[in-house]
Amino acid sequence: MTPATAYAHTNIALVKYWGKRKGAIAGLNLPATGSLSLTLDRFGTETRIEPADADDFVLGSQPVSPGEAAKVFAFLDRVRALAGSTARVRVTSRNDVPTAAGLASSASAFAALAVAATRAFGVSLDERALSQLARQGSGSAARSIFGGFVLLHRGARDDGADCFAEPLPSTLPVNLVVVRCGEGKKDTGSTDGMDHTAATSPYFRAWVDTHAADLDEARRALAGGDLPRLGEVMEHSTLKMHATTLAARPGFFYFQPTTIAVLQAVRALRAAGTPCWATMDAGPHVKVLCAPAVAGAVAAALQAIGGVRGVEVAAPGPAARVLA
Ligand code: PMV
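Residues numbered from 1 in each chain as written. Predicted model: local features only at pLDDT ≥ 70, side-chain atom pairs only at ≥ 80, totals over all residues. Heavy atoms only, no water.

S.K.: Could you give an account of the packing of aromatic side chains, with specific residues and numbers?
M.R.: Tallied over the full model, the rule gives three aromatic pairs. Seen from their ring centres, Trp18 and Tyr254 are 6.3 Å apart, and the 90° between their planes marks the pair as edge-to-face. With Trp18 in the loop between β1 (4–15) and β2 (35–51) and Tyr254 in the loop between α7 (227–246) and α8 (257–271), the pair connects residues that are 236 residues apart, well separated along the chain. Classification of Trp18 as buried rests on a relative accessible area of 2%. Of the residues examined, Tyr254 reaches a relative accessible area of 6% and is grouped as buried. Judged by centre distance (5.6 Å) and plane angle (55°), the rings of Phe75 and Phe110 are tilted. One end of the pair, Phe75, is in helix α1 (residues 66–83); the other, Phe110, is in helix α2 (residues 105–120), and 35 residues separate them in sequence. Residues Phe75 and Phe110 agree in their burial class; the two are buried. (Phe/Tyr/Trp six-rings, centres within 6.5 Å; stacked < 30°, edge-to-face > 60°. Helix = DSSP H or I, 4+ residues; strand = E, 2+ residues; numbered from the N terminus. Buried < 20%, exposed > 50% of the residue type's maximum accessible area, 1.4 Å probe, protein only.)

Structure (structure tokens):
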């Protein structure tokens, strides 16, 4: 194997993935729903892979839990199996996002790992196959292989062959205003949260049953350049996802007081004539979709809310890539 370094950007789902598909082959990590996302030009992960005597994972200056390291090593095993190699490696990653704080660091992490590891082990995969490999590390990572708007197909096959990501070319100008509403690790990681929800929430079935319609509507809105329609269905998808967690047993939620204040402010901005729509993932932060022309005003209004730790304006970003 040869040393290789890759960079992947974070993506944020506009129509969410939440829940794994039942009956699928273990380890393939197949989603219960498709999803539609935007890869951002800010936030991401750089990952370098080098030969080593034993597998090792170093994450910047942050401590790595045994569980996190095990996930990375299991992912390397998949790539080694494709390459027919037993070579051990050191993986060094640097996150430009707070790890596990709900800013989707697993998406950029496993996309960067997929690109770096396949390059290092000399495994040649097209982007679709790379997205399928990245998905096995984290569902959202499949989407970070591509830039801009991206669709992750749910697929129906047990072997995952029809569950892959692809870009949705669009000229719709958008920004995503990322509003940090807390710090530190989230209480309930996305996999635990979605598994508990799928097992206990009576709303989970309704979530799955209505999901394809949301995805269709978002795709049509994107194709028609209809930002208000895209924003409206995006907000519907996120509130519906979070409703499934409230109805789980025991119920749980990712909202913090600042999160609620920001969600209310987004509604107030809209009522006052500034078109913008909110989405949230498995953490307290809020991401606000709007046209670039109003992003500065949206960011300034949300920055002024008590408890907000920071506001960044992101634009559509590029695909994951090998660094020279
Ligand atoms: O792929 P994971 O395990 O990071 O789960 C992603 C789940 C959400 O961020 C809440 C939604 C999504 O589609 O990204």
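S.K.: Describe in detail the packing of α2 against helix α3 (residues 127–135), supporting the description with residues and values.
M.R.: Where α2 meets α3, the closest approach of the two axes is 9 Å, and the angle between their N-to-C directions is 120°. Considering the angle they form, α2 stands oblique to α3. With respect to the hand of their crossing, α2 and α3 are arranged in right-handed fashion. Taken together, the residues of α3 that come into contact with α2 (itself represented by Phe110, Ala111, Ala114, Val115 and Thr118) are Leu130, Leu133 and Ala134. (Axes fitted to C-alpha atoms, helices over the stretch in contact; angles between N-to-C directions. Parallel < 35°, antiparallel > 145°, perpendicular 65-115°, else oblique. Left-handed = near helix turned anticlockwise from the far one by under 90°. Contact = heavy atoms within 4.5 Å.)

S.K.: Which residues make up the pairing of strand β8 (residues 276–279), and what values do they have?
M.R.: Because side chains alternate across β8, one face comprises the buried residues Cys276 and Ala278, and the other comprises Trp277 and Thr279, equally buried. Relative to strand β9 (residues 286–290), β8 runs antiparallel, the two being bridged by four bridges. Paired with Thr279 across the two strands is Lys287, which belongs to β9. Between β8 and β9, which pair antiparallel in sequence order, lie six residues. (Pairing = 2+ DSSP bridges.)

S.K.: Describe the environment of Ala223, with residues and values.
M.R.: Following the sequence through the fold, Ala223 ends up in helix α6 (residues 204–223). Overall, the relative accessible area of 72% leaves Ala223 in the exposed class. Sequence-wise, Ala223 and Thr171 are 52 residues apart; in three dimensions their C-alpha atoms are separated by 8.9 Å.

S.K.: How would you summarise the side chain of Asn29 if you had to cite specific residues and measurements?
M.R.: Following the sequence through the fold, Asn29 ends up in the loop between β1 and β2. For Asn29, a relative accessible area of 15% puts it in the buried group. Among the polar contacts listed, one links the side chain of Asn29 to the backbone oxygen of Arg135, at a separation of 2.8 Å. Other than its neighbours up to four places away in sequence, Asn29 contacts Tyr17, Lys20, Arg135, Gln136, Gly137, Ser138 and Gly139. (Polar contact = N/O pair within 3.5 Å; in protein donor to acceptor, adjacent residues only side chain to side chain.)

S.K.: Kindly report on the sheet that holds β8, identifying the contributing residues and their values.
M.R.: A sheet is described by the order of its strands in space; here four strands give the open sequence β8-β9-β7-β10, paired in antiparallel fashion. The open sheet has two edge strands with one neighbour each: β8 and β10 (310–314). Sheet twist, expressed as the average angle between the axes of neighbouring strands with direction ignored, equals 25°. Bridge analysis of strand β7 (residues 175–180) against β9 gives five bridges, and the strand direction is antiparallel. Paired with Asn175 across the two strands is Cys290, which belongs to β9. Along the sheet, α8 contacts β7, β8 and β9; its crossing angle with β8, the most-contacted strand, is approximately 160°.

Function-wise, these values are silent; they only describe arrangement.
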